[in-house]
Amino acid sequence: QSALTQPASVSGSPGQSITISCTGTSSDVGGYNFVSWYQQHPGKTPKLMIYDVSNRPSGVSYRFSGSKSGNTASLTISGLQAEDEGDYYCSSYTSTYTLLFGGGTKLTVL
Amino acid sequence: QVQLVQSGAEVKRPGASVKVSCKASGYTFTGDHIHWVRQAPGQGLEWMGWINPNSGGTSYSQKFQGRVTMTRDTSISTAYMDLSRLKSDDTAVYYCVKDPATSGAYFDYWGQGTLVTVSS
């Protein structure tokens, strides 16, 4: 199985909104509402930001939201802040009871 | 509080095996799946497989089938990941992660990571 497809990089200015896409197939992203998103700062362990497409864990800012349309899931960050800079990974459950990650997206806050 | 504490860094020769441990605390060990995820230097996350600590059942990524074995010891709330026939591109940080989902999977707690270096 191939990794989910994410843009290599996105950027935005403080206060703006950005969206990171995550494209899979009908056997993973499109087939289940089990997409999650992780934020990773340099040298740190990843942190869960969104699970089951659009659910936000306790403690995660309301500025982070998730959605899905067909085989593509999206993470939107509104009111961009400097602390949001880092790498973002999507993950999806698959039809073979396995998981796939996206290749990761580097977010730069200008 | 929930903690996943992993064993220390390892240096291995090509062809050898490595066994990484992950001791869980702060929750019911048999209640949630444990997955293993790795990250090569400067690269993205890669899912390796999961173990159901209650039943011992496992599911592995096709990429690691035949080389990886995931086990657990419920008496000490510890999960293990054994990777054999190591190659240089197995050099990575290996994470154990906790999955609270009853359907699907996501990771709410991560171990601190174990660096495995494969070098001759």
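Residues numbered from 1 in each chain as written. Chains lettered and ligands numbered in written order. Predicted model: local features only at pLDDT ≥ 70, side-chain atom pairs only at ≥ 80, totals over all residues. Heavy atoms only, no water.

**Thoughts on the side chain of Lys98(B)**
All names here are of chain B. Relative to the helices and strands, lysine 98 is located in strand 9 (residues 92-99). One polar contact links lysine 98 to aspartate 32, side chain to side chain, over a distance of 2.8 Å. Once residues within four sequence positions are removed from consideration, lysine 98 is found in contact with Val2, Leu4, Tyr27, Asp32, His33, Ile34, Tyr106, Phe107, Asp108 and Tyr109. (Helix = DSSP H or I, 4+ residues; strand = E, 2+ residues; numbered from the N terminus. Polar contact = N/O pair within 3.5 Å; in protein donor to acceptor, adjacent residues only side chain to side chain. Contact = heavy atoms within 4.5 Å.)

**Points about the layout of surface pockets**
All names here are of chain B. Considering only enclosed or pocket space, the largest pocket measures out at about 370 Å³ in volume. Lining the largest pocket are 24 residues, with Gln39, Ala40, Gly42, Gln43 and Gly44 positioned closest to its centre. If you tally residues by element for the lining of the largest pocket, the top one is strand 9, at three residues. The residue inventory of the lining of the largest pocket, partitioned by class, reads eight nonpolar, ten polar and six charged. (1 Å grid on protein atoms, 1.4 Å probe; cavity = no way out; pocket = protein on both sides within 12 Å on 5 of 7 lines; lining within 4 Å. Points joined across faces, edges and corners; volume = space filled by probe spheres on them. Nonpolar A, V, L, I, M, F, W, Y, C, P; charged D, E, K, R; others polar.)

**Here we look at the packing of aromatic side chains**
The description of an aromatic ring pair rests on the distance of the ring centres and on the angle between the ring planes. Tallying each qualifying case throughout the model produces eleven aromatic pairs over all chains. Ring geometry for Tyr32(A) against Phe34(A): centres 6.2 Å apart, planes inclined by 15°, an arrangement best described as stacked. The class of Tyr32(A) is partly exposed, set by a relative accessible area of 26%. Taken together, Tyr38(A), Phe101(A), Tyr95(B), Phe107(B) and Trp110(B) form an aromatic cluster joined through their ring pairs. Sitting above the plane of the Tyr27(B) ring, Lys98(B) keeps its charged end 5.1 Å from the centroid. (Phe/Tyr/Trp six-rings, centres within 6.5 Å; stacked < 30°, edge-to-face > 60°. Buried < 20%, exposed > 50% of the residue type's maximum accessible area, 1.4 Å probe, protein only. Lys NZ or Arg CZ within 6 Å of the ring centre and 35° of its normal.)

**Points about the interface of chain B and chain A**
If you look at the interface, chain B gives 21 residues, while chain A gives 18 residues. Its largest share of buried area at the contact with chain A, chain B owes to Leu45(B), Trp47(B) and Tyr106(B), together 36% of the area lost on that side. Where chain B meets chain A, there are zero salt bridges. Applying the counting criterion to the chain B and chain A interface returns five residue pairs in polar contact (both at pLDDT 80 or more). (Buried area = accessible area lost by both parts, 1.4 Å probe. Salt bridge = Lys/Arg side-chain N within 4 Å of Asp/Glu carboxyl O.)

**Remarks on the sheet that holds strand 8 (residues 78-83) of chain B**
Two pairing modes exist for strands in a sheet, parallel and antiparallel, and in both the strands are linked by backbone hydrogen bonds. All names here are of chain B. Overall, antiparallel pairing links the four strands, which are arranged 1-3-8-7 in an open sheet. Both outer strands of the open sheet, strand 1 (3-6) and strand 7 (68-73), are each paired with one neighbouring strand and no more. Across the sheet, the axes of successive neighbouring strands diverge by a mean angle of 20°, strand direction being ignored. By the bridge criterion, four bridges tie strand 1 to strand 3 (residues 18-25) in an arrangement that is antiparallel. Bridge pairing in strand 3 places glutamine 6 opposite cysteine 22. (Pairing = 2+ DSSP bridges. Axes fitted to C-alpha atoms, helices over the stretch in contact; angles between N-to-C directions.)

**What about the sheet that holds strand 2 (residues 18-23) of chain A?**
Residues and elements named next belong to chain A. Pairing is antiparallel in the open sheet, where three strands are placed in the order 2-6-5. Pairing within the sheet leaves two strands with one partner each, and these edge strands are strand 2 and strand 5 (64-69). Shown here is a sheet whose adjacent strand axes are inclined to one another by a mean of 20°, direction ignored. Note that strand 5 and strand 6 (residues 72-77) share six bridges and pair antiparallel.

**Overview of the environment of Tyr89(A)**
Residues and elements named next belong to chain A. Looking at where tyrosine 89 falls in the secondary structure, it is placed in strand 7 (residues 86-93). Exposure remark for tyrosine 89: the relative accessible area of 4% places this residue in the buried category. For tyrosine 89 and proline 46, which are 43 residues apart along the polypeptide, the C-alpha to C-alpha distance reads 8.8 Å.

**Description of the environment of Gly49(B)**
All names here are of chain B. Tracing the backbone shows glycine 49 in strand 5 (residues 45-51). Considering only alpha carbons, one finds glycine 49 and aspartate 90, 41 residues apart in sequence, at a separation of 15 Å. Dropping the residues within four chain positions of it, glycine 49 is found in contact with Ile34, His35, Trp36, Ser59, Tyr60, Ser61 and Met70.

**Quick notes on unusual backbone geometry**
The residue Val53(A) is not glycine, and still its phi comes out positive at about 75°. Among the secondary structure elements, Val53(A) is positioned in the loop between strand 4 (47-50) and strand 5. Residue class for Val53(A) comes out buried when judged on its relative accessible area of 9%. We note that Ser77(B) has phi near 50°; this positive angle belongs to a residue other than glycine. With respect to the helices and strands, Ser77(B) occurs in the loop between strand 7 and strand 8.

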